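Inside the fold
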Amino acid sequence: MTLRGFLQGVLEVRATGPVEVFLSHAAKEGLFLSLPTRSDDLTLQFSVSPKTYRKLRFPARRAGVRLHLLRKRGLPFLLRPVRHRFGLWSGLFVALLFLFMSTAFLWTVEIEGVTPATAARIRETLSDHGLHPGALQNRQDAEHLRRMLLMEIDCLDFAAVNLYGSRAVVVATEADPIPESEYPEIAMPADLVAGKDGYLLETRIHRGEQLIFPGAAVRAGEIIASHLVHGIVPGTKEFSGVVRHEHAHGVVLARTYGQISMVMPKEVLQKVHDGREFTQNRFFFAERPIFFSSGYGFSTPECDKIEKRLDLSLPGGNQLPITRRTMTHRPYRLIPGTVSREEALVCMESYLKEHLVSSATDGRLEEFQATLTEEEALWRLDAEYFMTEDIGKVVTLTLTP
């Protein structure tokens, strides 16, 4: 069956009777049958369109031939059972209308040619200027967006924004990193001083003239590597009299000592969940809410809220401008409780150790001795510690003529 035959429909017909007379009358009416097949002298089978079949009725009556429909094929006969289903056609119309309207929005933003970290910065910058999934296409200016990328992201050497229908493709190239010697702060003279009191364990001075060596105790502010570097006569240990200024830097590992304290109330409010859990789903189109869901009311105002976000996408990976957000509410009550001695000791020790390590540079906690005391309404923890950390601190100088 040809495409034209499928669209207009095809009827398989069998004619019985004086078929020669029937063919003569049909020819006089300008109706010609394509590839008819004769089973016997009084039977003829052929295929015609519904329009031609209606015109063949008059020649058939004149010739005394009976026409029998054997089979109906084609699109009109496939749609006939559902042509009176108003809901189906309304849904199809709404779906086509939605598909047509969605072509006016950007569905995906693709970034090529850069590292994932730079791609994230580009995506954030474009979103600030209105280019994101769900944005209208006719409001995008590719040249303006390209200039904004080059102005706001210093590491880009080239950028181009291309709009292909509902898809935006950003092609960018990162500039080569600037050599260390070209940084202005590296060119300024600086001393490497001790940031804390400690005992030097190891030093790795990359630039500058080292004044204090491992095995010595230092005070905060003492110069470990100076910006003044004296020249040495080749083959000797004598100074040549030449002095140059450098930006001293390096690694200074030292053993440090300190004391730290922390207090915690004995009476605290504790959460007790009542076992209920409520989930609310909301959908957003282009970051705008679709209002067909209602919120929950709670007898208690205190709730733990856990929000999850899901960006919907097509099977091929193209992101849709539709977002689903699930908010889970877990009501709880606050009741007074007492912190035991063991709980207070474990909690405060863990917090202080984490604080000491996170606040130090390359720090390792070597020793930690704590004493827990009880006051009127508080638990008090006093601790002494030894750490190994990098205490080097670069202090930039300003030279006057």
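Below you will find a few notes about this structure. (Residues numbered from 1 in each chain as written. Predicted model: local features only at pLDDT ≥ 70, side-chain atom pairs only at ≥ 80, totals over all residues. Heavy atoms only, no water.)

Two elements in contact, helix α7 (residues 116–128) and helix α8 (residues 142–152), have axes whose closest approach is 10 Å; the angle formed by their N-to-C orientations is 125°. Overall, the two elements α7 and α8 adopt an arrangement that is oblique. Considering the relative orientation of α7 and α8, their crossing is right-handed. Together, Arg-121, Ile-122, Thr-125 and Leu-126 of α7 and Leu-145, Leu-149 and Glu-152 of α8 make up the contact between the two elements. (Axes fitted to C-alpha atoms, helices over the stretch in contact; angles between N-to-C directions. Helix = DSSP H or I, 4+ residues; strand = E, 2+ residues; numbered from the N terminus. Parallel < 35°, antiparallel > 145°, perpendicular 65-115°, else oblique. Left-handed = near helix turned anticlockwise from the far one by under 90°. Contact = heavy atoms within 4.5 Å.)

Glancing now at the pattern of salt bridges. If the charged atoms of two oppositely charged side chains come close together, the side chains can form a pair. According to the stated counting rule, one finds 16 salt bridges in the structure shown. In this structure, Glu-110 engages Arg-167 in a salt bridge whose closest nitrogen and oxygen atoms are separated by 3.2 Å. With a gap of 57 residues between them, Glu-110 in strand β5 (residues 108–112) and Arg-167 in strand β7 (residues 167–174) connect regions that are remote in the sequence. Note on Glu-110: relative accessible area 24%, which makes it partly exposed. Arg-167 gets classed as partly exposed once you look at its relative accessible area, which sits at 33%. Residue Arg-276 is joined to Asp-274 by a salt bridge in which the shortest nitrogen-to-oxygen separation is 3.0 Å. (Salt bridge = Lys/Arg side-chain N within 4 Å of Asp/Glu carboxyl O. Buried < 20%, exposed > 50% of the residue type's maximum accessible area, 1.4 Å probe, protein only.)

With 19 residues, helix α10 (residues 341–359) should reach 27 Å at 1.5 Å per residue; the first-to-last C-alpha distance of 27 Å fits that figure. On its buried face, α10 is in contact with β15 (249–265), β21 (364–374) and β22 (378–390). (Expected span 1.5 Å × (residues − 1).)

Residues Lys-51, Arg-54, Lys-55, Arg-57 and Arg-61 make up a contiguous surface patch of positive charge. Sorting the residues of the positive patch by element identifies α3 (50–55) and α4 (57–63) as the ones contributing at least two each. The greatest single-element share of the positive patch, amounting to 3 residues, is contributed by α3. Along the chain, Arg-61 falls in helix α4. The exposure class of Arg-61 is exposed, given its relative accessible area of 62%. (Patch = residues over 30% accessible without salt bridge, like charges linked within 9 Å, V, L, I, M, F, W, Y side chains within 5 Å. Areas by Shrake-Rupley, 256 points an atom, 1.4 Å probe, with all protein chains shown as cover. Lys, Arg positive; Asp, Glu negative; His and termini not counted. Charge placed at Lys NZ, Arg CZ, Asp CG, Glu CD.)

So, on to the sheet that holds strand β3 (residues 43–48). In spatial order, the strands read β2-β3-β1-β4; together these 4 strands make up an open sheet with antiparallel pairing. Looking at which strands have only one partner, the edges of the open sheet turn out to be β2 (37–40) and β4 (66–73). For this sheet the average axis-to-axis angle between neighbouring strands, irrespective of direction, equals 20°. Relative to β4, strand β1 (residues 10–16) is paired through 7 bridges, and the arrangement is antiparallel. Directly across from Ala-15, in β4, lies its bridge partner Leu-67. The strands that helix α2 (residues 19–28) touches are β1, β2, β3 and β4; relative to β3, the one it contacts most, it runs at about 35°. (Pairing = 2+ DSSP bridges.)

Judged by pairing direction, the sheet is antiparallel, and its 4 strands sit side by side in the order β10-β12-β8-β23 without closing on themselves. Two strands bound the open sheet, and with one partner strand each, they are β10 (209–210) and β23 (392–396). Summarising the sheet, β10 and strand β12 (residues 223–226) pair through 2 bridges and their orientation is antiparallel. When the sheet's bridge partners are listed, Gln-210 is paired in β12 with Ala-225.

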